[in-house]
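# Analysis of the macromolecular model
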Amino acid sequence: NGRIWLMDKKRLQQLYTCISQSDEWLSGRELAARLHLSARTIRNYVREINREKPYILSSQHGYRLNKSLAADNYRIQVSSVKPEPILPTERVYYIIRHCLVLRELSLDHLMTELCISDRTLNMDLNNVRQILSGFQLKLKIRKDSVRITGPVYEQRRLARHCIFETTGLEFPSKEFICGAFPEYDCQQIETILFQTLEASGLSVNGYERYDLLLYVVIWLREIHLGNAMTREECPVECIRNYHEYEIAGELSRRLCRLIGQSCNLWEQEYLAALLISKTSTIHLEKCRLLPNYPLIEHTVKDFIHMAGMALKMDLYDTFFIKKMTCYFQRLLVRQQMKFYSQNVFFNALKNRYPILQDVCAWSLLHFSKQFHISIDPSEVGFLAMILCEYVRERGYSFDMAVPCTLVCPTFSHFPGQLIYTLTEGLGKAIHIDQVIETLDLEKIDTDDRLILSVVPVHGGPFILPIVPYPRSEDFRHIYDEIHKIKMRMYSRQLCSFFSSMLPPENFYVNVSFSSGKELIHKCCEHLTARGYVSEGFEEDLLSRENMDPSVFYDTLAIPHHCSEKVLREFALVVLNKEAMYWKDGYVNMAVILATRNQETTRLQKVYDLAVKVLSSRKNMDILLKAGDHASFFRQLEQISGQIL
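Procedures and definitions
- Residues numbered from 1 in each chain as written.
- Predicted model: local features only at pLDDT ≥ 70, side-chain atom pairs only at ≥ 80, totals over all residues.
- Heavy atoms only, no water.
- Helix = DSSP H or I, 4+ residues; strand = E, 2+ residues; numbered from the N terminus.
- Buried < 20%, exposed > 50% of the residue type's maximum accessible area, 1.4 Å probe, protein only.
- Areas by Shrake-Rupley, 256 points an atom, 1.4 Å probe, with all protein chains shown as cover.
- Lys, Arg positive; Asp, Glu negative; His and termini not counted.
- Charge placed at Lys NZ, Arg CZ, Asp CG, Glu CD.
- Pairing = 2+ DSSP bridges.
- Core = buried A, V, L, I, M, F, W, Y, C linked by side-chain atoms within 4.5 Å.
- Contact = heavy atoms within 4.5 Å.
- Phe/Tyr/Trp six-rings, centres within 6.5 Å; stacked < 30°, edge-to-face > 60°.
- Lys NZ or Arg CZ within 6 Å of the ring centre and 35° of its normal.
- 1 Å grid on protein atoms, 1.4 Å probe; cavity = no way out; pocket = protein on both sides within 12 Å on 5 of 7 lines; lining within 4 Å.
- Points joined across faces, edges and corners; volume = space filled by probe spheres on them.
- Nonpolar A, V, L, I, M, F, W, Y, C, P; charged D, E, K, R; others polar.
- Axes fitted to C-alpha atoms, helices over the stretch in contact; angles between N-to-C directions.
- Parallel < 35°, antiparallel > 145°, perpendicular 65-115°, else oblique.
- Left-handed = near helix turned anticlockwise from the far one by under 90°.

## Things to note about the overall build of the chain
Within the chain, the secondary structure is distributed over 25 helices and 19 strands. For the chain, the spread of C-alpha atoms along the three principal axes comes to 95 × 65 × 60 Å. Scored against the burial criterion, the 644 residues of the chain give a buried share of 54%. For the chain, the computed accessible surface area is about 30,100 Å², with 51% contributed by carbon and sulfur atoms. Measuring between centres, the 76 positive side-chain charges of the chain sit 4 Å from its 76 negative side-chain charges.

## Concerning the pairing of strand β2 (residues 56-59)
Here β2 pairs with strand β3 (residues 62-65) via four bridges, running antiparallel. Considered in β3, the bridge of S59 is made with G62. Remark: two residues form the turn of the hairpin made by β2 and β3, two consecutive strands paired antiparallel.

## Considering the nonpolar core
Membership of the largest hydrophobic core comes to 78 residues, with the highest contact counts inside it found for F328, F498, M589, L593, L614 and F632. Ranked by residue count, the leading element in this core is helix α17 (residues 354-371), at 10 residues. Other than its neighbours up to four places away in sequence, M589 contacts T555, L556, A557, V573, V574, L575, M580, L614, M620, L623 and F632. C99, Y215, A273 and L275 belong to the second largest nonpolar core, which has 76 residues in total.

## Some points on the packing of aromatic side chains
Inspection of every chain in the model, using the stated rule, returns 16 aromatic pairs. Relative to Y55, the ring of Y16 has its centre 6.3 Å away and its plane inclined at 90 degrees; by these criteria the two rings are edge-to-face. On the criterion of sequence distance, the pair formed by Y16 in helix α1 (residues 9-20) and Y55 in the loop between α3 (39-49) and β2 is long-range, its members being 39 residues apart. The interplanar angle of 85 degrees and the centroid separation of 5.9 Å between the aromatic rings of F632 and F633 together place this pair among those described as edge-to-face. The class for F633 is buried, based on a relative accessible area of 11%. Of the aromatic side chains, those joined through ring pairs into one cluster are F303, Y327, F328, F367 and F371. Directly above the ring of Y270 sits R156, whose terminal nitrogen or CZ lies 4.8 Å from the centroid. For the cation-ring pair, K350 lies above F552, with the distance from its terminal atom to the ring centre recorded as 5.6 Å.

## Some thoughts on empty space enclosed by the protein
This model, assessed by the stated rule, comprises one cavity of 30 Å³ or more. When its volume is computed, the largest cavity comes out at roughly 60 Å³. Taken together, Y242, H243, E244, T281, H283, K286, C287, L290 and R330 form the lining of the largest cavity. When contributions to the lining of the largest cavity are tallied by element, the ones reaching two or more residues are α11 (243-256) and α13 (284-287). For the lining of the largest cavity, a count of residues per class yields three nonpolar, three polar and three charged.

## Some details on the packing of helix α12 (residues 265-278) against helix α15 (residues 318-337)
In helix packing, the relevant descriptors are the interaxial angle and the interaxial distance, both defined with respect to the helix axes. Packing of α12 against α15 leaves a shortest axis separation of 8 Å and a crossing angle of 125 degrees. On the basis of the axis angle, α12 is oblique to α15. Crossing of α12 over α15 shows left-handed handedness. Contacts from Y270, A273, L275, I276 and S277 in α12 reach R330, V333, R334 and M337 in α15. Its residues assigned to classes, the contact of α12 with α15 shows six nonpolar, one polar and two charged.

## Some remarks on the sheet that holds strand β5 (residues 105-106)
The sheet built from three strands is open, its strands ordered β5-β7-β6 with antiparallel pairing. Each edge of the open sheet is held by one strand with a lone partner, namely β5 and β6 (138-142). Pairing geometry for β5 and strand β7 (residues 145-149), over two bridges, is antiparallel. Bridging from a neighbouring strand, S106 pairs with S145 of β7. Here helix α6 (residues 118-133) sits on the sheet and contacts β6 and β7; the angle it forms with β6, its principal contact strand, is near 145 degrees.

In structure tokens, the structure reads:
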């Protein structure tokens, strides 16, 4: 069944001793980190220890010594040890961890320690090679020993990866780091690290704080174990020109005093690259001294121009250009060193502001080609956050203002006072462009217009009675009506675009594809054969999709492109009742959109509308009833005509 059987009696005693030395509950993850085991193995070891008596108490908080039995002074007996299953994945990471720490392992020792045959060991080593390939590392076997070779900075990144893989940890915490490296004073390391950063004008956000600490502890441990860099490996050009190189020198001296060792210049370069990657700086003028500043500044201006065109606002600001140039300089270091990390809340930002996210994805795709580096998709979310913060500070509203008529007779300070209250409560969600005092609505165009009235009126679909002095619950009700109007407007506009872009030959229902990549390939073959696109379009489309998957709310995927390889604009729809696999999730609809170079604005408009209308679960359920091209448009018109 692919498992082996092993239970180390020494580890059993270590686990019992570790728990007995603490008066607090210890989580399974913390114990796993301390003993370099998996959380599952910890559970099995506790079960073995408690086989005769409940020496260890278990709860949702973790594990703690049963003090009522402490006098029994538990000791592991060889005869009491039972076999425990270890999965191949656990063996693989056992080999990697020990290779990284010991530098070289005996093959005979591995087979003895893991109780496996040479054939099983060879299979495990092949799996190790597959993992190492993602870190630019290789597995070298000489005679009867095995070791990992390749850049030291990649080996440290691999060490961090092993910690996450073997513990199931998603985000590092201070408690976890202290538990994983009990031989070091992690509290003192943290104090020195962040005091130095603060004094030097460097800041780190809460999300990156403990990831940076984890990297620094691994860095210090490697130096302590004698695994320091012995030659220049840092791929970042002119790393010693960065202001952070001096800061790294001061920081390395203070940290290395804790272990009684010194740090060479190559290790200082590594630490500088880590600080550049994980922090932001207030010293923007120092960034101008770097050789790459003019080229990156030019790229930033292109990005700002593209964002301004998409958002229809002037973003050209000297300080913002400096800030973004500094950001892209640090991004370049982060990608070269692969010091990036994931952030799960960026999907929510993409769902809410698709155009903003799209601009950032295209800009980073251009940046990656210009500097010949690969960029992790998580970087798109970080850039979108910065751009979103900046445009909101400048008063930009992502919401379309709905035209509004206010029916309010003149009385005391009304309607002026009521207009002020509504504007304060609703912001830019509505635009009151008409105020009437009578009940005569015959001359008012009520279509796609909100009517707010303090007196009873009848007529159009979006007439809402309000009180003269609205409260918070009244505003929530008004927002509901605004959403209904917007959805009807969006649906009608999308229907208008699709009427010219989506021919029957480009509509598919319930077609089986194994993945999004296969769907794109088959659809591009169809589009090329019918003269919509030229050769190379599929590659460009996949490049954009790989930069930032165009999946929204786990219901919709919208791969899109605008280039000279598009011979005529089009939309292509694949609609499936059974969800289709796409990247790491599933979708019910895939829409491929493409326009020519000069039609960028049109593509952005259709893309934005498609996200707003088609990603709604309620709307998707309506569209899934469509069986062909004609019924799809009928369902889309039903969405635009209904009161949602």
